[in-house]
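Structure assessment
Next come the chains, spelled out residue by residue.
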Amino acid sequence: TVKIFKKCAPNGRVYVYMGKREFVSCDGAIEPINGVVNIQDHHDTLKGRRVYVQLVITFRHGKEEEETMGLSFKKELILDRMQVFPPEKRDNEETKLQSRLIQKLGEGAMPFTLNFPELAPNSVLICADENEDPSNRTMGVFYDIRVHLAENADDYTGKKGSTVCMGIRKAQFAPADMKQRSPTSTAEKGFMFGSGKLVLEASLDREVWQHGEDLPIHIVINNQSKKSVKNIRCHINQHCELTMVNAQYSCKVARLESQDGCPLQPGSSLNRTFMLKPLAQNCYGIRGLCLDAALSKVTDESNLASSSLAESGNSNDLLGVVVSYSVKVRIVLSGMGGELETDLPFKLVHPRPNTVEMDQLETEKKNARSKGESRRKKFQAQDSVLNETFNASQDSQQGGYEQE
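The structure reproduced in this document is the subject of the present report. Note that this is a predicted model, so its numbers are computed, not measured. (Residues numbered from 1 in each chain as written. Predicted model: local features only at pLDDT ≥ 70, side-chain atom pairs only at ≥ 80, totals over all residues. Heavy atoms only, no water.)

Remarks on the overall build of the protein
For the protein, the helix and strand inventory stands at 4 helices and 21 strands. By the burial criterion, 46% of the 404 residues in the protein qualify as buried. Taking all contacts inside the protein whose residues are at least 6 apart in sequence as the whole, residues at least 24 apart take part in 67%. When the accessible surface of the protein is summed, it comes to about 21,200 Å², and 47% of that surface belongs to carbon and sulfur atoms. (Helix = DSSP H or I, 4+ residues; strand = E, 2+ residues; numbered from the N terminus. Buried < 20%, exposed > 50% of the residue type's maximum accessible area, 1.4 Å probe, protein only. Contact = heavy atoms within 4.5 Å. Areas by Shrake-Rupley, 256 points an atom, 1.4 Å probe, with all protein chains shown as cover.)

Brief notes about the nonpolar core
One finds Phe-112, Ile-221 and Ile-232 to be the most contacted residues of the largest nonpolar core, which totals 81 residues. Here this core takes 7 residues from strand S19 (residues 321-333), the largest share from any one element. Filtering out sequence-adjacent residues up to four positions away, Ile-232 remains in contact with Ile-219, Ile-221, Leu-256, Glu-257, Ser-258, Cys-262, Leu-270, Phe-274, Val-329, Arg-330 and Ile-331. Core analysis: the second largest hydrophobic core is formed by 6 residues, Val-36, Leu-101, Ile-102 and Ala-109 among them. (Core = buried A, V, L, I, M, F, W, Y, C linked by side-chain atoms within 4.5 Å.)

A few points about the state of the cysteines
For the structure shown, the criterion picks out 0 disulfides. With no disulfide of its own, Cys-251 lies 5.4 Å from the sulfur of Cys-240, the closest cysteine sulfur. (Disulfide = S-S within 2.5 Å.)

A closer look at the sheet that holds strand S7 (residues 109-114)
Backbone hydrogen bonds hold the strands of a sheet together, and the pairing may be parallel or antiparallel. The 4 strands lie next to each other as S1-S2-S4-S7, forming an open sheet whose pairing is antiparallel. Each having just a single partner strand, strand S1 (5-8) and S7 make up the two edges of the open sheet. For this sheet the average axis-to-axis angle between neighbouring strands, irrespective of direction, equals 25°. The pairing of strand S2 (residues 14-18) with strand S4 (residues 33-39) spans 5 bridges and is antiparallel. By the bridge assignment, Val-14 is partnered in S4 with Ile-39. Against the sheet, helix H2 (residues 96-105) contacts S2, S4 and S7, and its axis sits at roughly 5° relative to S4. (Pairing = 2+ DSSP bridges. Axes fitted to C-alpha atoms, helices over the stretch in contact; angles between N-to-C directions.)

Focus: the packing of aromatic side chains
The final tally for this structure, using the stated rule, is 4 aromatic pairs. Where Phe-23 meets Phe-116, the ring centres are 6.0 Å apart and the plane angle is 55°; that geometry is what we call tilted. Residue Phe-23 is located in strand S3 (residues 22-25), and its partner Phe-116 is located in the loop between S7 and strand S8 (124-126); the two are separated by 93 residues in the primary sequence. Across the pair, Phe-116 and Phe-23 agree in class, each one buried. (Phe/Tyr/Trp six-rings, centres within 6.5 Å; stacked < 30°, edge-to-face > 60°.)

Section: the pattern of salt bridges
Under the counting rule described, the total for this entry stands at 14 salt bridges. A salt bridge links Arg-169 to Glu-22; its shortest N-O distance comes to 2.9 Å. With Arg-169 in strand S10 (residues 164-172) and Glu-22 in strand S3, this residue pair connects regions lying 147 residues apart in the sequence. Judged by relative accessible area, which is 32%, Glu-22 ranks as partly exposed. Notably, a salt bridge pairs Glu-339 with Arg-330, separated by 3.5 Å at the nearest N-O pair. Overlapping salt bridges bring together Lys-328, Arg-330, Glu-339 and Glu-341 as one network. (Salt bridge = Lys/Arg side-chain N within 4 Å of Asp/Glu carboxyl O.)

Remarks on the sheet that holds strand S14 (residues 215-223)
One open sheet accounts for 4 strands, arranged S11-S12-S14-S17; its pairing is antiparallel. The open sheet has two edge strands, strand S11 (184-191) and strand S17 (269-276), and neither has a second partner. Going from strand to strand, the sheet's axes swing by 15° on average, the running direction of each strand aside. In this structure, strand S12 (residues 194-203) lies alongside S14, joined through 6 bridges in antiparallel fashion. What sits directly across from Glu-201, in S14, is Val-220.

So, H2
Every buried residue of H2 is accounted for by Gln-98, Leu-101 and Ile-102. The arc enclosing the buried residues of H2, seen along the axis, measures out at 100°, which places them on a common side. Turned more than 90 degrees from where H2 packs its buried face, Lys-96, Arg-100, Gln-103 and Lys-104 sit exposed. Buried positions along H2 lie against S2, S4 and S7. Gly-106, located one to two residues past H2, shows a positive phi value of around 95°. (Arc of directions from axis to C-beta.)

Below, the structure is given as structure tokens:
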């Protein structure tokens, strides 16, 4: 059996059929978008009009209800356009699915093929606030296949009653030949009225991690100063850049505070490994958090937005919502010593389907959901528990770890 996605225009006469709605860019290549448009009673419906199919990208960075006095938080671009009736000459051959659908639907069925441009951004959802319904999120980067009837070639919208839009999703997998390196970062601090200095070194085993994996953060502290170290804080930050409006912000997606080995006295050193797990199911209610766009409103497809990878090798080519991740390690000193911190950038990507990593991700998401539900039932009247969003994977570890 083959799964077919079908959607109808409000007038009940224009239909669009597609075999898939998720398109993945990998190793610089992405497959074309194939489908079939069916016009019922096409002789009466068309009456000399043309039928166009468009690939439309929408970038929304604000709520629709906040648009007043001509202010718009939405930008819309047509990335590809095809006239299916009267048919244009194109070199694309019909796929097996298109041939079967045309054979079954009859004379009113017309095939179409659209292509993503090289630098097309990934589909991303942006959370507006804590109380937002996950199925009604409207901010972020979205793709639609739009079919409409037009009187002439300059009509790009058509009438609402005869227009049908079907949402699709563009994702990205990390290239198989991506060079793996081990990010390492060092920071040091000297003191004006004291001899010696404090050195903090943080490192990861590799640069590319997949959703659902634990991130071991290796920390080495060498304290040759006269101050003692009170505690250690680790955060995983999601950095978002909205290229269309030139805005940037960050969200914390996992955090941990530890006093293991503290206070660290002058002349001592400390070597520790902390485990953190960035997972969307533990981050509900964070304003501005970026998630991978979901197609289903029934199953939980939520993942933190994958890191934006520039397939051309030039990060300036990235468009839409550019997402990156980093680990921030901060140590707090006694007295007036202040703090010392360092950053480690890394990439968070989606596992390939039908792999062990994908099965592990589904298990982790299921466990996180069940923990969240049991916590809500247990403490129904306590808002502080309802809004607890961070759940680092420290359950199996022993030691003086303390979550915020």
